[in-house]
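# Residue-level structural notes
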Amino acid sequence: MKDLRELYKTMEIDEDVYSYCMDRLRGLKERFDAIDENAEYNQLKVLKAFRECRVSEACFTTSSGYGYNDLGRDTLEEVYAGIFHTEDALVRPQITCGTHALNVALSSNLRPGDELLSPVGKPYDTLEEVIGIRPSKGSLAEYGVSYSQVDLLPDGDFDYDGIEKAINDKTRLVTIQRSKGYQTRPTLSVKRIGELISFIKKIKPDVTCMVDNCYGEFVERTEPSDVGADMVVGSLIKNPGGGLAPVGGYIAGKKKCIEQAAYRLTSPGLGKEVGASLNVIRSFYQGLFLAPGVTASALKGAVFAANVFEGLGYKVLPDGTESRHDIIQAVTLGSPEAVISFCKGIQYGSPVDSFVTPQPWAMPGYDADVIMAAGAFISGSSIELSADGPIKEPYAVYFQGGLTFPHAKYGIMRAMQQLKNDGLIVL
Ligand SMILES: *Cc1c(COP(=O)(O)O)cnc(C)c1O
């Protein structure tokens, strides 16, 4: 049984679903070539940093306890700074997730009486409690940091007038979210982020500009830190961990920002000097090395999914032809049943826990029930093929990841198949 179509059939993909998807795939060759070229650029950028920082086998030995003089940890932080072209970086397994990294970056670089501004609308759901938009213990609001927000204009443009008006004496830090998160606005390109930062710095040069870089790393050839961001922040169980990092987050940026962050993460006076790299340091290096290629696989999966579901009549964001600035694909399915069905398909197509059925639940940090499909090697890793959807209007799923393109492709076919099985689409 060497025929691919036959093998797909034994893996629950019907002939008509297979043919439909293959038709869609045929038109994507040029886009995939461009993604590969981009991966090549970023692979060389990463390799260059590894070489310049003289990464050696000694970097993979781990430390314990305080972790003083941890060569692997310190060198890895230099490598990150090399890739992001920043003065310094903080990359640690002690940073538990992306929200934690953002919280450390924000809370350490703000002081009571300061104001935080988001000029790109509402931030990612979990940041609402960090900032205190939704009241929470220990939020920035509780520490006397105020917050103001300027929404994007209806056409997705920056509201430059509104932003200018919102910047005041108290404005200390501006947070810019690159990815759309659980919203249906466009993701910001690095170029647009650069334009926004220039505008803001013209009005107030000493303001700190932080970019939530989650899901954006290695999608383009430049990063927000190349266009004026003082800090870029992200999660290692997304793009830069390459699927291998089992935990962690990073903050790369200006020396003074990173120092503040390190003093907050560990302790005043200790900063970057402590923090054992435990047994995960090799996976941080190896995952970072693989990250450009893995991100490319995820991007191809996203482009393929957009084309498959657009063709079925669903609203997809970005659409099938648009340029990409993160790995997320939103598909508006329009009903709770379809969101659940899609997620079931992704789950059944996973290498781990393929036999379980995901259910919506009240996840910490989110204000609606969320269903997540994640048959991942690393719990919750969303650089691995995964889909999640809040059970609320407009009933969109956010699909991302795929350590290899063939797996992303199968998962998308399996999701479509599930919609068919559940009577939600007719071919
Ligand atoms: C994932 C994500 C976060 C939060 O990261 P967690 O690791 O889930 O805590 C923040 N912002 C954006 C845009 C994200 O995609």
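Residues numbered from 1 in each chain as written. Predicted model: local features only at pLDDT ≥ 70, side-chain atom pairs only at ≥ 80, totals over all residues. Heavy atoms only, no water.

## What about the side chain of serine 335?
Checked against the element boundaries, serine 335 lands in the loop between β9 (329-332) and α11 (336-348). At a separation of 3.1 Å, a polar atom in the side chain of serine 335 contacts the main-chain amide nitrogen of alanine 338. (Helix = DSSP H or I, 4+ residues; strand = E, 2+ residues; numbered from the N terminus. Polar contact = N/O pair within 3.5 Å; in protein donor to acceptor, adjacent residues only side chain to side chain.)

## So, the domain arrangement of the protein chain
Taken as a whole, the protein chain is organised into domain 1 (4-42 + 289-421) and domain 2 (64-280). Spacing between the C-alpha centres of domain 1 and domain 2 amounts to 27 Å. With 35 residues of domain 1 at the interface, the matching set in domain 2 holds 32 residues. Between domain 1 and domain 2 we count two salt bridges in total. (Domains from an automatic or database assignment. Contact = heavy atoms within 4.5 Å. Salt bridge = Lys/Arg side-chain N within 4 Å of Asp/Glu carboxyl O.)

## Some points on the layout of surface pockets
Empty space within the largest pocket amounts to approximately 840 Å³. For the lining of the largest pocket, the secondary-structure elements that each account for two or more residues are α5 (98-109), β10 (370-374), β11 (386-390) and β12 (396-400). Two domains share the lining of the largest pocket, each providing at least three of its residues, namely domain 1 (4-42 + 289-421) and domain 2 (64-280). One number sums up the size of the second largest pocket: a volume of about 250 Å³. For the lining of the second largest pocket, the secondary-structure elements that each account for two or more residues are α5 and α6 (125-131). (1 Å grid on protein atoms, 1.4 Å probe; cavity = no way out; pocket = protein on both sides within 12 Å on 5 of 7 lines; lining within 4 Å. Points joined across faces, edges and corners; volume = space filled by probe spheres on them.)

## Focus on the sheet that holds β10
Reading across from one edge, β8-β9-β12-β11-β10 is the order of the five strands in this open sheet, with antiparallel pairing throughout. The sheet terminates laterally at β8 (315-317) and β10, the two strands that pair on one side only. Geometrically, the sheet is characterised by an average inter-axis angle of 20 degrees between neighbouring strands, direction not taken into account. Pairing geometry for β11 and β12, over three bridges, is antiparallel. By the bridge assignment, serine 386 is partnered in β12 with glutamine 400. (Pairing = 2+ DSSP bridges. Axes fitted to C-alpha atoms, helices over the stretch in contact; angles between N-to-C directions.)

## Overview of the site of the ligand
Taken together, Cys97, Gly98, Thr99, Leu102, Tyr124, Gln177, Asp212, Cys214, Tyr215, Ser235 and Lys238 make up the full set of residues adjacent to the ligand. A distance of 2.5 Å is found between an oxygen atom of the ligand and a side-chain nitrogen or oxygen belonging to threonine 99. In isolation the ligand offers 380 Å² of accessible surface; the protein chains occlude 91% of this area. Mapping the ligand onto the cavity grids shows that it belongs to the largest pocket. Residue contributions to the shell around the ligand peak at three residues, all from α5. Taken together, the residues that form the shell around the ligand break down as five nonpolar, four polar and two charged. (Near = heavy atom within 4 Å. Areas by Shrake-Rupley, 256 points an atom, 1.4 Å probe, with all protein chains shown as cover. Sits in = over half its atoms within 2 Å of the grid points. Nonpolar A, V, L, I, M, F, W, Y, C, P; charged D, E, K, R; others polar.)

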